[in-house]
Protein chains: 2
Amino acid sequence: MKVFFSEEHRRHFPQAELCGGEFVTPFERPSRVEYVLGRLKEQGLTDIVAPGPVDMAPIRTLCDPGYLDFLENAWDEWKAEGFAGEVIAANFPARRMQISRPPRNIDGKVGYYSLASETALTNGTWAAALSSAASAQAAQAHVAAGAKSAFALCRPPGHHATADMFGGYCFLNNAALVAEAFRRDGAGRVAILDIDFHHGNGTQDIFYGRGDVFFASLHGAPEDAFPYFLGYADETGIGAGEGANANYPMLPGTAYDVWSGALDTALARIRAFGAEALVISLGTDAYKDDPISFFKLDCPDFLDAGRRIGSHGLPTVFCMEGGYAIQQVGINTVNVLEGFLDA
Amino acid sequence: MKVFFSEEHRRHFPQAELCGGEFVTPFERPSRVEYVLGRLKEQGLTDIVAPGPVDMAPIRTLCDPGYLDFLENAWDEWKAEGFAGEVIAANFPARRMQISRPPRNIDGKVGYYSLASETALTNGTWAAALSSAASAQAAQAHVAAGAKSAFALCRPPGHHATADMFGGYCFLNNAALVAEAFRRDGAGRVAILDIDFHHGNGTQDIFYGRGDVFFASLHGAPEDAFPYFLGYADETGIGAGEGANANYPMLPGTAYDVWSGALDTALARIRAFGAEALVISLGTDAYKDDPISFFKLDCPDFLDAGRRIGSHGLPTVFCMEGGYAIQQVGINTVNVLEGFLDA
Ligand SMILES: [Zn+2]
Ligand SMILES: [Zn+2]
């Protein structure tokens, strides 16, 4: 399996994550991908290439123009305002407030274009997010050109990002870009399966009214887990998208027996949907020792999950999402890929 | 003029305010009221008394039960979760997310019940917020019993708090409690005039569908100033409240010539409305050297503003809101009261 990866990801390394009322070193940090790269090489997956330049056109098609302008200029506007820290949201359009009027002031704009305040935007964030999207685009192009599968080792991740909001460590929704690219390349129906511990709220939001892209997510119940305000089982899509959204929220302590049942159900739904291409939001924070999650999957479970996904035989792009147990993120992530290849 | 003030306010003193991507000592701090108390005594306003116990019934009538439960227990739940810092929101129900499903997890509940992440909740916040509300209640009772006016030296302030969200340094909406108390005591129509630099989004939100309580606010334009997502001139009320909400957003650099024109217009609207009692959300952060605001009022302007308010002759309760230029917050606040008494 070919792997697409850009060293530009290093340009996104905030010093601060708001967690428990304190600033901590972000769980989503550059070293995560070092462990994945190390494990890939260890297991002989050595076809690792840098993507070409990012294709902005599909990003402009997917995202709100004001949001893209914000991502590109936020750091400079923030510094021009005299703020000493990194760009972090301190306000937001809450219930019953204006949700369609972006402020002029950068402090307000950050709130308008964010869905959480744990994630800081820095000087290099925009470049890193674009390089991450470029890896996703290159992986999709590789599969569209005939390969059975590819792995986009994306950083920063993407599944929490909507077309107009960042948060949960995500800025551009890589999985959504891949799904849209498959559609443009001729696939009539595409499925996105999100196995990250956290609900892929951004991806769901982007395709919620669409009948051509099926979204399924296995995740910690929103009552108990970030992003808290999306991911309920009764969110099934709207309009043309009714029935094309499937959430599998699960409770604290969920282990592989229950989780794999949800995986099989989701895969059966995807098969019934008639997907011609598959995008996997590949987070491995369902791992039992993940520091910010509460499922109980063990390392071999990821190998088995990869096999189940692979058994469906669909052209598949994997996009890296979360996974914060640094020592195991490489093993678990590559286990999914190896299981897929073994299927 | 009788002043109601509780020493319990000291129990709310967060160490952290999220500002410019950093933690700073909160602008809204206990010493603010020391300067107001000092100036009151200097000017002979020495009838300063502690309120009686808070009356919970009107607070329960005004607020969402889940919100009150949250305020009371947030600190304990936060600490039980193992968080080391103060209670600060790191996530929130953003656009197109679930806005009617409070999470079980305290980290999610904080996001659900907040409208900004600059404001920390601490061990003593609930007690302080209740003591602040008690001062407002006592001031209203004093006026309802026949006094022409009273000053509730409230801390924490209240005008950003809705019936179900804290933020902008506010937890319980004192001005709204006073207005409701006037209604219960027989006033057919009540007006709230908010002269704090920031839009009184919480107060507006509480009365937006009501025709019996008129709300007017003079404030920094939402495009440029916190709370950013409410306070536009075209927000005029809804349903029975249509026409009973008047916003006067003004641009950076606005001085007293323009500001006083808006004040006169607001007072004329209140007179035309037929208010029988008046509540003033008394913030003095419109002052030219306020560290987080951008109007250009000078100290004597507050004296004049007080005169204009007083000339309407309505039974009036002043509730302390913002004002962060520590050296002048006493002078400016007491100037409004003295102007009122001179009218
Ligand atoms: Zn995750
Ligand atoms: Zn203010």
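- The name given to chain A in an unreviewed UniProt entry is Acetoin utilization deacetylase AcuC, with Aliiruegeria lutimaris as the source organism.
- As stated in UniProt under Sequence similarities (unreviewed entry), the record for chain A gives "Belongs to the histone deacetylase family."
- Checking UniProt for chain A, the heading Cofactor (unreviewed entry) contains the comment "Zn(2+)".

Regarding the coordination of the zinc ion (ligand 2)
Residues and elements named next belong to chain B.
Item 1. At this site the zinc ion (ligand 2) is bound by Asp196 (OD), Asp196 (OD), His198 (ND1) and Asp285 (OD), with donor distances of 2.0 to 2.7 Å.
Item 2. Seen from the zinc ion (ligand 2), its four donor atoms lie at angles of 52 to 157°, and the figure they make is irregular.
Item 3. Donor residues for the zinc ion (ligand 2) sit on one chain with the sequence pattern D-x1-H-x86-D. With respect to burial, Asp196 and His198 carry one shared label: buried.

Points about the packing of aromatic side chains
Item 1. In this structure the tally under the stated criterion is 34 aromatic pairs over all chains.
Item 2. Consider the rings of A:Tyr112 and B:Phe229, whose centres lie 6.3 Å apart with planes at 25°: the pair is stacked. Here B:Phe229 lies in the loop between strand 7 (213–220) and strand 8 (245–250) and A:Tyr112 lies in helix 4 (residues 106–112), a pairing that spans two chains.
Item 3. Residue class for B:Phe229 comes out buried when judged on its relative accessible area of 0%.
Item 4. Ring geometry for A:Phe214 versus A:Phe273: centroids 5.2 Å apart, planes at 45°, classification tilted. Pair noted here: A:Phe214 is in strand 7 (residues 213–220) and A:Phe273 is in helix 8 (residues 256–273), with a separation of 59 residues, a long-range link. Take A:Phe214 and A:Phe273: they sit in the same class, and that class is buried.
Item 5. A connected cluster of aromatic rings, assembled from ring pairs, spans A:Tyr67, A:Phe70, A:Tyr112, A:Tyr113, A:Phe166, A:Phe171, B:Phe226, B:Tyr228 and B:Phe229.
Item 6. When the ring centre of B:Phe340 is taken as reference, the NZ or CZ atom of B:Lys148 above it lies at 5.0 Å.

Notes on the coordination of the zinc ion (ligand 1)
All names here are of chain A.
Item 1. Note on the zinc ion (ligand 1): its protein donors are Asp196 (OD), Asp196 (OD), His198 (ND1) and Asp285 (OD). The metal-donor distances range over 2.0 to 2.7 Å.
Item 2. If you look at the zinc ion (ligand 1), its four donor atoms make angles of 52 to 156° with each other, and the shape they trace is irregular.
Item 3. Under the relative-accessibility criterion, Asp196 is labelled buried at 1%.
Item 4. A relative accessible area of 6% places His198 in the buried class.

Section: the interface of chain A and chain B
Item 1. Between chain A and chain B, the residue contacts involve 53 residues of the former and 53 residues of the latter.
Item 2. Summing both partners gives a buried area of about 4900 Å² for chain A against chain B, and 57% of it is carried by carbon and sulfur.
Item 3. The largest per-residue losses of area from chain A upon contact with chain B belong to A:Phe92, A:Arg95 and A:Phe229, which jointly make up 20% of the total buried on that side.
Item 4. Along the contact surface separating chain A from chain B lie 10 salt bridges.
Item 5. For A:Asp164, the salt bridge is made with B:Arg95, and the minimal N-O distance between the two is 3.2 Å.
Item 6. Viewed at the interface, chain B and chain A are joined by 30 residue pairs in polar contact (both at pLDDT 80 or more).
Item 7. Residue assignment for the side of chain A that touches chain B shows that the elements contributing at least two residues are strand 3 (22–24), helix 4 and helix 7 (201–207) of chain A.
Item 8. The element that contributes the greatest number of residues to the side of chain A that touches chain B is helix 4 of chain A, accounting for four residues.
Item 9. Classifying every residue of the side of chain A that touches chain B by side-chain character gives 27 nonpolar, 12 polar and 14 charged.

Describing unusual backbone geometry
Item 1. Across the junction of A:Phe226 and A:Pro227, the peptide omega takes the value 5°, indicating a cis bond.
Item 2. Within the element layout of this structure, A:Pro227 appears in the loop between strand 7 and strand 8 (245–250).
Item 3. One non-glycine residue with positive phi stands out, namely A:Arg96, at about 65°.
Item 4. Note on placement: A:Arg96 falls in the loop between helix 3 (65–80) and helix 4.
Item 5. Owing to a relative accessible area of 43%, A:Arg96 belongs among the partly exposed residues under this scheme.
Item 6. Look at B:Tyr169: it is not a glycine, yet its phi comes out positive at around 75°.
Item 7. Among the structural elements, B:Tyr169 can be located in the loop between strand 5 (149–152) and helix 6 (174–184).

A closer look at the packing of helix 9 (residues 299–310) of chain A against helix 10 (residues 326–342) of chain A
Axis angle and axis distance: for two packed helices, these are the angle between their axes and the distance between the axes, and together they describe the pair.
All names here are of chain A.
Item 1. In the contact formed by helix 9 and helix 10, the axes pass within 6 Å of each other and the chain directions differ by 30°. The pairing of helix 9 with helix 10 is recorded here as roughly parallel in orientation. Here helix 9 runs over helix 10; the crossing is right-handed. Where helix 9 abuts helix 10, its residues Cys299, Pro300, Phe302, Leu303, Gly306, Arg307, Ile309 and Gly310 lie against Gln328, Ile331, Asn332, Asn335, Val336, Glu338, Gly339, Phe340 and Asp342.

Calculation rules
- Residues numbered from 1 in each chain as written.
- Chains lettered and ligands numbered in written order.
- Predicted model: local features only at pLDDT ≥ 70, side-chain atom pairs only at ≥ 80, totals over all residues.
- Heavy atoms only, no water.
- UniProt positions renumbered as here; feature names shortened; annotations may be inferred.
- Donors = N, O, S within 2.8 Å, 3.2 Å for Na, K, Ca; no water.
- Tetrahedral: all angles 85-135°; square planar, octahedral: opposite > 155°, others 65-115°.
- Buried < 20%, exposed > 50% of the residue type's maximum accessible area, 1.4 Å probe, protein only.
- Phe/Tyr/Trp six-rings, centres within 6.5 Å; stacked < 30°, edge-to-face > 60°.
- Helix = DSSP H or I, 4+ residues; strand = E, 2+ residues; numbered from the N terminus.
- Lys NZ or Arg CZ within 6 Å of the ring centre and 35° of its normal.
- Contact = heavy atoms within 4.5 Å.
- Buried area = accessible area lost by both parts, 1.4 Å probe.
- Salt bridge = Lys/Arg side-chain N within 4 Å of Asp/Glu carboxyl O.
- Polar contact = N/O pair within 3.5 Å; in protein donor to acceptor, adjacent residues only side chain to side chain.
- Nonpolar A, V, L, I, M, F, W, Y, C, P; charged D, E, K, R; others polar.
- Axes fitted to C-alpha atoms, helices over the stretch in contact; angles between N-to-C directions.
- Parallel < 35°, antiparallel > 145°, perpendicular 65-115°, else oblique.
- Left-handed = near helix turned anticlockwise from the far one by under 90°.

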